[in-house]
Amino acid sequence: MLKAITPKSEDFSQWYTDVVRKADLMDYAPVKGFIVIRPYAYRIWEFIQKYLDARFQATGHENAYFPLLIPETLLTREAEHVEGFSPEVAWVTVGGGEALSERLAIRPTSETIVGEMYSRWIHSYRDLPVLINQWSNVVRWEKATRPFLRTTEFLWQEGHTVHRTKAEALSETEQQLEAYRGLLHDLLAIPAVTGIKSAGERFAGAVQTYTLEALMGDGRALQAATSHFLGQNFAKAFNIQFLDEDGVLKHGWTTSWGASTRLLGGLIMVHGDDRGLRLPPLVAPIQVVIVPIAKGGSGEPVNAYCQKLKERLAPHVRVVFDARDEFTPGYKFNDWEMRGVPLRLEVGPRDLAAGQVTAARRDIGAKIALADGELEVTVPQLLEDIQKSLYEQASAKLRAESVPIHDYHEAMEHDRRGFFYGDWCGEQVCADRLQEETSMTIRCLPLGEEPEDSGCVICQGPSRHRAVFARAY
RNA sequence: CGGGGCGUAGCGCAGCUUGGUAGCGCACUUGCUUUGGGAGCAAGGGGUCGGGGGUUCGAAUCCCUCCGCCCCGACCA
């Protein structure tokens, strides 16, 4: 067993804390609730950014940057929005040594400042659609924080669009949800349930919120990304109006959508095991590590081979040759496994003699011999296999822990671990009662699922929706 | 915001009960030997004991007070 990390099965929460710190993903900052995202984790975030940016731009979006501070009068313009966010807003009240005449909110999200600007920019149907994304930080003063999953400040992207018609805005909302689904599936190897949020869980000020819900290693749900159809709520609050082709002044239809550094927490909790992190190759800062085993007088030839091997592989994969002399091979094995490197190539005198290297897969732990001659081909192939294998493992777990129920007490038999599919009457009182009694919430109303008409799992009243119930982060 | 835990070297801890020169393991530095799953020996460096106040000849230790952090629950990406 790994010395540094508490086993998952023993204490999932402690395991998570151990992994994020021991794998050098983050460190706690001097202010409560704030963390430093260290280079190894930030690199993963950069892969996420690169993927999303490409998708956004392929669908006509541009990046821009809006200010960090929002005047109070602007933040409070949309009633539901301000009600939802006001408890967690941080305020700036002093500048240049003097009290400000109006306090300034540190953005918890940017709908309001963006809305204000859009109202100035949009006059005609010819100005639409406006398709803008921004990469930024936001601050939400949280009572209980956890590294990556819920920090006071976090990094994200927030897209803000305005459309001429309701149909176009709805289509935009769905398109971005699909971009996020792609991110999870293609890059992060995380399967997720797509659905819409119930009224109680909806974004403050939205008409409809689409969500991706992923299942963590401890059977709890994580909202991985959301896409909101805002209707004309913000357009009316911020006077986003345009003169349409028919000469009529109309309000625009807006959307917003976001994904945050919380995804890093999800990535860790979905794939990690007792040895530490397991990174999907596509987001692994280091995909392959070469560990030399220099026994007796074999140091020179082994190291020379490893160096050459690194140079051979470098054009194909992100590879590191661990030439540190101060650590034994055994130490290095554990160290790189903890950091989640997908593939390790061991090279010792026996390998040299046999014309091979020994490959150890992080996803399944198996070791196999690879012939020296074809490594430029077999190594990238193995990485592809590992990427798929991690998705399959997570997918199998999701299937195994997706449980249909007819009464919410059945979830207790599964220790509330997993996604529980059941009918819901649609009444908030039932959702509230469920949460009070079980800590479970309605994660979403999954797309493409119809109620069984077997009665609400809480009150046994008429079925109105199919819902996924779970405990959530 | 409730419940619990904890602040002593970079990390993990002992010392506190019963006040008397601040310790252990890991990590770090140097040297030698090692290397197929967390190496060994030797010699070193490193401390406002979370802050403030009090008691005392003397406080890591006793008293008061403040601060901070982590974990678990209720609210939120």
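Residues numbered from 1 in each chain as written. Chains lettered and ligands numbered in written order. Predicted model: local features only at pLDDT ≥ 70, side-chain atom pairs only at ≥ 80, totals over all residues. Heavy atoms only, no water.

(A) Just the pattern of salt bridges, in detail. Applying the stated criterion across every chain yields a total of 31 salt bridges. Taking the shortest distance from any N to any O, the salt bridge between K367 and E346 comes out at 2.9 Å. Of the two residues, K367 sits in strand β19 (residues 367–371) while E346 sits in strand β17 (residues 343–347), which places them 21 residues apart along the sequence. The exposure class assigned to E346 is buried, which follows from its relative accessible area of 7%. For the salt bridge of R466 with E452, the shortest nitrogen-to-oxygen distance reads 3.6 Å. Here R466, found in strand β23 (residues 465–470), pairs with E452, found in the loop between β22 (441–446) and β23; they are 14 residues apart in sequence, far enough to count as distant. (Salt bridge = Lys/Arg side-chain N within 4 Å of Asp/Glu carboxyl O. Helix = DSSP H or I, 4+ residues; strand = E, 2+ residues; numbered from the N terminus. Buried < 20%, exposed > 50% of the residue type's maximum accessible area, 1.4 Å probe, protein only.)

(B) Representation of the nonpolar core in the model. Core analysis: the largest hydrophobic core is formed by 77 residues, its most contacted members being F148, L188, W424 and F469. What F148 contacts, discounting residues up to four positions off in sequence, is Y16, V20, L25, M26, I35, I37, A41, T261, R262, L264, G265 and I268. V114, A204, F234 and I240 belong to the second largest nonpolar core, which has 27 residues in total. (Core = buried A, V, L, I, M, F, W, Y, C linked by side-chain atoms within 4.5 Å. Contact = heavy atoms within 4.5 Å.)

(C) Fine view of the domain arrangement of chain A. Entries for chain A in the domain assignment read domain 1 (12–271), domain 2 (288–382) and domain 3 (402–470). At the interface, 19 residues of domain 1 touch 16 residues of domain 3. For the pair domain 1 and domain 3, the two sides together bury roughly 1,300 Å², of which 62% comes from carbon and sulfur. Per-residue buried area on domain 1 facing domain 3 is highest for V193, I196 and S198; these three make up 31% of the total on that side. (Domains from an automatic or database assignment. Buried area = accessible area lost by both parts, 1.4 Å probe.)

(D) Inspection of the sheet that holds strand β9 (residues 192–196) at higher detail. Taken in spatial order, the eleven strands of this open sheet run β3-β7-β8-β14-β11-β10-β9-β22-β23-β21-β20, and their pairing is mixed. In the strand order of this sheet, the two ends are held by β3 (62–63) and β20 (402–404), each with one partner. Relative to strand β7 (residues 130–139), β3 runs parallel, the two sharing two bridges. Bridge pairing in β7 places E62 opposite I132. On top of the sheet, helix α2 (residues 39–58) reaches β3, β7, β8 (153–163) and β14 (253–260); it is set at about 160 degrees to β7, its chief contact. Of the strands in this sheet, β21 (419–424), β22 and β23 touch helix α14 (residues 428–438), which is tilted by about 150 degrees from β21. (Pairing = 2+ DSSP bridges. Axes fitted to C-alpha atoms, helices over the stretch in contact; angles between N-to-C directions.)

(E) Focus on the environment of E80. Locating E80 in the fold gives a position in helix α4 (residues 79–85). Once the C-alpha coordinates of E80 and Y51 are considered, the two residues, 29 residues apart in sequence, prove to be 33 Å apart. Other than its neighbours up to four places away in sequence, E80 contacts A204 and G205.

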